[in-house]
Amino acid sequence: MTPQSCAAVVVGAGPAGIAVMGNLLELGLNKIAWVDPSFDGGRVNRKYREVPSNTKVLFFQAFATGTQPFRRIIRSTPLPNAFSTLMKLDQDQTCSLHYAADMCRALTDGLLKMDAVVQVRGEVVSADLDDTTSQPQWTVHIRRQGTSNDQTATSIITPRLILCTGSDPTTPSIPIDADKLSRLDLDTVLQPSTLYHTLPRTEPLTIAVVGGSHSAVLALMNLYELARATHPQLRIKWFTRHALRYAEYRNDEHGAWILRDNTGLKGQAAEFAWAQLEDDKLPQSDAGRFIQKIPISESDEMDLYAEHLPQCTHIVHAIGFTRSPLPTLTIAGDRTKPIQDQLQWDSSVGGFLLPCGKDTAMVVPGLHGAGIAFPERVRDPFGNVEWAVGFFKFMKFLRRVCPMWV
Ligand SMILES: Cc1cc2nc3c(=O)[nH]c(=O)nc-3n(C[C@H](O)[C@H](O)[C@H](O)COP(=O)(O)OP(=O)(O)OC[C@H]3O[C@@H](n4cnc5c(N)ncnc54)[C@H](O)[C@@H]3O)c2cc1C
Ligand SMILES: NC(=O)c1ccc[n+]([C@@H]2O[C@H](COP(=O)([O-])OP(=O)(O)OC[C@H]3O[C@@H](n4cnc5c(N)ncnc54)[C@H](OP(=O)(O)O)[C@@H]3O)[C@@H](O)[C@H]2O)c1
């Protein structure tokens, strides 16, 4: 079957894929293939609906109205809807992520109705670049949802392939060999309704939480709530390698800006940490009745794990996120040299470089990325460098780079 031709193939329908679609449509691309197994708003909807946001409602609102096609969707969606619900919330406060997830689903539904959008429910498994043509040409192979054979695969030819494939919680191996220690999934711990049913209520439980940023503090908060309310035999050992760090709202000669905008605690996690987890509060705080803090460093962590983990029943790693596996990417059909694991992300243009010799790299034509897997590298007024991860940050980045892609 001859592959159909599209102006772009966007892989992934989380917040980043949605934002890419809005921007490319606004720039006038008129046939865009959009590939995802479920088109349900991505990970925030599937896993984190119960998580409190660490950004203010106004940033979700700014995301929802960030492109002209999105504004058209909002105008044509019957009231009441996810956008009107979001608008009624206090814009200056944080909210439960289910509001943001519903907004993403409503934008997705609206985008999928547009004539310029070709919906492909499935997974991009591989893509090959023909670099002999004047314009880059990618042949993208997609396995349709729920199938495993080639007959139900489909292919699309495109000059632009955009990876918005997201990230999964980082899960290193359990540090010691302990028979009784089982892994608790971070996604379960971030979902109190599931966590409640996952952990037995009538047995002694000791849960090791590793990490010190947003996910770890929310894990501690959710486990503490269970210990306090329904699981009286639950105790927590908290392994962290640095002091708690908070976002700091500043207004100075640089204008209004946020120190540690992407790495510091914000919202409910910051409030809980500040009130109960700080070293001078934990011994007297209510959370301190259940949580034991164990400071670790790279030099002593193995000794401390060996000492404490044998007393634990579970361990949850809350130490960040790792890019989800990318499709197999090749050049000129050379399947002996897949390139996806060698790519270097260049957020200045939203593209990729491929090392090709000592100190040299080539731009991979027509290949782009966005989202938590491929965020923008930003520098604050003090010179600190961070990766900008968040709904509105994706939108801001894409408004800058998408015009270069077309
Ligand atoms: C716990 C948590 C809380 C967060 N809270 C906030 C917050 O309060 N405010 C904020 O602004 N940001 C927040 N973020 C950051 C960020 O907005 C989210 O991580 C967001 O989900 C990232 O969107 P994404 O589109 O990059 O990835 P995802 O939402 O993970 O979407 C990726 C999509 O790509 C699909 N996919 C992957 N591979 C393929 C393939 N080969 N073919 C087809 N489809 C594929 C996946 O199925 C998925 O649907 C939070 C992040 C986490 C982890
Ligand atoms: N809405 C919310 O409240 C919420 C909740 C969770 C996540 N998020 C978002 O999701 C993204 C990821 O957040 P995250 O908290 O999961 O991860 P993160 O911000 O990447 O932080 C990971 C933390 O784990 C520590 N760490 C890494 N490896 C470790 C190890 N081997 N042992 C002990 N500690 C280790 C890191 O310490 P070092 O700095 O020393 O490396 C860092 O403090 C962020 O954008 C965040 O804003 C938001």
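Please read these numbers as outputs of a predicted model, since none were measured by experiment.

**Overview of the nonpolar core**
For soluble globular proteins, nonpolar side chains are generally found buried alongside one another.
Reasoning step 1: Ranked by internal contacts, the top residues of the largest apolar core, which has 114 residues, are Leu24, Leu161 and Leu277.
Reasoning step 2: Broken down by element, this core gets its largest block of residues, 10 residues, from helix α9 (residues 214-229).
Reasoning step 3: Taken together, domain 1 (4-167 + 322-405) and domain 2 (171-319) each give at least three residues to this core, which thus spans both.
Reasoning step 4: In terms of nonpolar packing, the next biggest core, distinct from the first, is built from 12 residues, Ile176, Phe239, Ile294 and Leu309 among them.

**Here we look at helix α3 (residues 57-64)**
Reasoning step 1: Among all positions in α3, only Val57, Phe60, Gln61, Phe63 and Ala64 are buried. Seen end-on, α3 carries its buried residues on one side only, within an arc spanning 160 degrees.
Reasoning step 2: Looking at the packing, one finds that the buried side of α3 touches α1 (15-26), α4 (68-76), α5 (82-88), α6 (97-112) and α12 (391-405).

**Some words on the domain arrangement of the protein**
Reasoning step 1: If you check the domain split of the protein, you get domain 1 (4-167 + 322-405) and domain 2 (171-319).
Reasoning step 2: Here the C-alpha centre of domain 2 lies 31 Å away from the C-alpha centre of domain 1.
Reasoning step 3: Domain 1 puts 18 residues into the contact, and the matching count from domain 2 is 18 residues.
Reasoning step 4: For the pair domain 1 and domain 2, the number of links is nine residue pairs in polar contact (both at pLDDT 80 or more).
Reasoning step 5: Elements with a minimum of two residues in the side of domain 1 that touches domain 2: α2 (43-47) and β22 (385-388).
Reasoning step 6: Residue contributions to the side of domain 1 that touches domain 2 peak at three residues, all from β22.

**Observations concerning the site of ligand 2**
Reasoning step 1: Not every one of the 18 residues close to ligand 2 is listed here, only the nearest: Asn54, Ser215, Arg241, His242 and Arg245.
Reasoning step 2: Residue Ser213 places a side-chain N or O atom 3.4 Å away from an oxygen atom belonging to ligand 2.
Reasoning step 3: Within the contact set of ligand 2, an oxygen atom lies 2.8 Å away from a side-chain nitrogen or oxygen of His242.
Reasoning step 4: Contact with the protein chains removes 74% of the 910 Å² of surface that ligand 2 exposes when unbound.
Reasoning step 5: With three residues, the top contributor of residues to the shell around ligand 2 is α9.
Reasoning step 6: Its residues placed into classes, the shell around ligand 2 shows eight nonpolar, eight polar and two charged.
Reasoning step 7: Formed jointly, the shell around ligand 2 draws a minimum of three residues from each of two domains, domain 1 (4-167 + 322-405) and domain 2 (171-319).

Quick notes on the rules
Residues numbered from 1 in each chain as written. Chains lettered and ligands numbered in written order. Predicted model: local features only at pLDDT ≥ 70, side-chain atom pairs only at ≥ 80, totals over all residues. Heavy atoms only, no water. Core = buried A, V, L, I, M, F, W, Y, C linked by side-chain atoms within 4.5 Å. Buried < 20%, exposed > 50% of the residue type's maximum accessible area, 1.4 Å probe, protein only. Helix = DSSP H or I, 4+ residues; strand = E, 2+ residues; numbered from the N terminus. Domains from an automatic or database assignment. Arc of directions from axis to C-beta. Contact = heavy atoms within 4.5 Å. Polar contact = N/O pair within 3.5 Å; in protein donor to acceptor, adjacent residues only side chain to side chain. Near = heavy atom within 4 Å. Areas by Shrake-Rupley, 256 points an atom, 1.4 Å probe, with all protein chains shown as cover. Nonpolar A, V, L, I, M, F, W, Y, C, P; charged D, E, K, R; others polar.

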